[in-house]
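Letter by letter, the chains look like this.
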Amino acid sequence: MRRILVAAAIAAAACGSKPTIMATPEIKATASQAQLGMSSASTNTQASIGLQSIGSSVGDAVNSGSVSTVDLSGLPDPDQMAAAAMAPGAGGVQQALRLGGGSKAATIPTGCLMLQSGTPTLVAAGTAGCSPDATTYLEVDYQNGDVVKVTWSDNTTSFDLKIEVVTGPWTGTNLHYTGQVTGASSASVAVSGAMMFSRSGSVVHVNADFNITYAVSVSASSNSTTVNINVNGTATDHIGLVRAHENWGLSMQDSTDGTTQTAVVHWNGGVGVDVLKQDGVTTDHAVAFNLNVNVTSTTTATSGSATWSAGGDVEYDGAVAGNIVSKNSQLYIDWTDGAEDTFDPSALLGPAGV
């Protein structure tokens, strides 16, 4: 019997198809942990785009002399920041493309951006409550107590941004972004560093590091906006003990005809998840989610609906343990042992796909 199984595996490899493995309870439990890791990695990656958007917004406002328009209420939670960054109709992704409009390099002034008499104001280091150390960076003091150090330089073709959070739930976050403008409405951004978040009473806790590149493009017409994002790189979740190797593309189109709003979302690619041992470094097992998901949703003043289609598989240590299928606008994993579990891709698809 063993010889037959080995021969079948060799034949499958020769034909270019993937080997399969029987889905055991242990494999399913590991895949479940990996799916949580994939979801957290996706949300954290989207939140990192949101943080870049915030830093770019501050830089743009200071360089243009319009600091009074900056929202200083406080940094949102990671899931809220991710949703705001990925919403096609919002300015989050588009803001990330505002990489300088002048003909010469621009550097963010030093000092502090803080509320004075209820109005966001830029003050010099060592004056009006601004730290005397704020001579090489811009300190952003939020109303809720968040304090962020921002350093920024840009020109018409590239930018360099560093965000360090020193006070508040995001304390310990230290991310470095470098970007290149690749078109009139497109850019490629590399981000590395750590993201931390912990708020008392919140179920969301983040302790992650990144080494990721994402390419973003935006196109718009009078009644629609399309955002395309391609992500490649590694994100490690030190709480969930998983390391996600991301290689995926997301396209989101939001349109309206005046009465009906339509959102079309395509997600294609893969996320390989190393489930780590307790040392947080050594790989215990490797799970990969290979997906092609399409969602179309329509919303009117009185109703809403969504249709789904999907294909893909779940690999365990290089062998297929289940297939991802769509049935009645719901996604499932059909395991190789004949069982079936629901599959939630919402964290991958962003707010337009929920």
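Being a predicted model, the structure only gives us computed values, none of them experimental.

Asks: With reference to specific residues and values, describe the overall build of the protein chain.
Replies: Looking only at helices and strands, one finds five helices and 17 strands in the protein chain. Of the contacts made within the protein chain by residues no fewer than 6 positions apart, 52% connect residues no fewer than 24 positions apart. If you sum the accessible surface of the protein chain, you get close to 15,900 Å²; carbon and sulfur atoms cover 52% of it.

Asks: Provide a residue-level description of the side chain of Ser 48, including the pertinent values.
Replies: Here Ser 48 lies in helix α2 (residues 25-64). Not counting residues within four places of it along the chain, the set of residues in contact with Ser 48 comprises Leu 175, Tyr 177, Val 191, Met 195 and Tyr 214.

Asks: Describe the pattern of salt bridges, listing the residues and the values that go with them.
Replies: Applying the stated criterion across every chain yields a total of seven salt bridges. When the shortest N-O distance is used, the salt bridge between Asp 77 and Arg 199 registers 2.6 Å. Placement of the pair is Asp 77 in the loop between α2 and α3 (78-86) and Arg 199 in the loop between β8 (186-198) and β9 (205-220), with a sequence separation of 122 residues. Judged by its relative accessible area of 17%, Asp 77 is buried. For Glu 340, the salt bridge is made with Lys 327, and the minimal N-O distance between the two is 2.4 Å. Of this pair, Glu 340 sits in strand β17 (residues 340-342) while Lys 327 sits in strand β15 (residues 319-327); the two residues are 13 residues apart in sequence, bridging distant segments of the chain. Each of the salt bridges in this network shares a partner with another, and the network as a whole consists of Lys 18, Asp 313 and Glu 315.

Asks: Lay out the pairing of strand β3 (residues 119-123) in plain terms, naming residues and giving numbers.
Replies: The side chains of a regular strand alternate, residue by residue, between the two faces of the sheet. As paired strands, strand β2 (residues 111-116) and β3 are joined by five bridges and run antiparallel to one another. Within β3, the position partnered with Leu 115 by the bridge is Pro 120. Connecting β2 to the antiparallel partner β3 that follows it, the hairpin turn spans two residues, and Ser 117 within it adopts a positive phi of roughly 55 degrees.

Asks: Got a sec to walk through the environment of Asn 292? Specific residues and values, please.
Replies: In this fold, Asn 292 is placed in strand β13 (residues 283-299). Between the C-alpha atoms of Asn 292 and His 266, which are 26 residues apart in sequence, the distance is 7.5 Å. In this structure Asn 292 touches Trp 267, Asn 268, Ser 309, Ala 310 and Gly 311, once residues within four positions along its chain are discounted.

Asks: I'd like a rundown of the state of the cysteines, residues and numbers included.
Replies: Enumeration over the complete set of coordinates arrives at one disulfide. Two residues, Cys 112 and Cys 130, share a disulfide whose sulfurs are 2.0 Å apart. With the S-S dihedral at roughly 75 degrees, the linkage between Cys 112 and Cys 130 falls on the right-handed side. You can see Cys 112 sitting in strand β2 and its partner Cys 130 sitting in the loop between β3 and β4 (138-141), a full 18 residues away along the chain. With respect to class, Cys 112 is no different from Cys 130; both count as buried.

Asks: Can you break down the confidence of the model for the protein chain residue by residue, with the values?
Replies: Confidence in the prediction of the protein chain, expressed as mean pLDDT, is 85, and 87% of residues score 70 or more. pLDDT under 50 marks residues 1-15. Its contacts with residues more than four places away, or in other chains, come to one contact. The low-confidence segment residues 97-104 (pLDDT under 50) makes 20 contacts with residues lying over four places distant or belonging to another chain.

Asks: Quick one: what's the story with α2, residue by residue and with numbers?
Replies: Counted at 1.5 Å a residue, the expected span for α2 with its 40 residues is 58 Å, and the 58 Å between its end C-alpha atoms agrees. Taking burial as the measure, the 40 residues of α2 include 29 buried ones, the bulk of the element. Residue Gly 65 follows α2 closely and has a positive phi angle near 75 degrees.

About the criteria used
- Numbers given for residues are sequential positions, taken from 1 along each chain in its written order.
- Note on the predicted model: pLDDT of at least 70 is required for a residue's local features to be given, and 80 or more for side-chain atom pairs to be given and counted; whole-chain, interface and lining totals, by contrast, use all residues.
- Note that the side-chain values use all heavy atoms of the structure and ignore hydrogens as well as water.
- The helix count covers DSSP runs of H or I at least four residues long, the strand count covers runs of E at least two residues long, and both are numbered beginning at the N terminus.
- Here, two residues are considered to be in contact whenever any of their heavy atoms come within 4.5 Å of each other.
- Only the protein chains shown count as cover for residues, and all accessible areas are computed by the Shrake-Rupley method using a 1.4 Å probe.
- Counted as salt bridges are all cases of a side-chain nitrogen of Lys or Arg within 4 Å of a carboxyl oxygen of Asp or Glu.
- Using a 1.4 Å probe on the protein chains alone, a residue whose accessible area is under 20% of its type maximum counts as buried, one over 50% counts as exposed, and one in between counts as partly exposed.
- Any two strands between which DSSP finds at least two bridges are classified as paired.
- Two cysteine sulfur atoms make up a disulfide if the distance between them is within 2.5 Å.
- pLDDT measures how confident the predictor is about each residue, on a scale from 0 to 100.
- One less than the number of residues in a helix, times 1.5 Å, gives the span that helix is expected to have.

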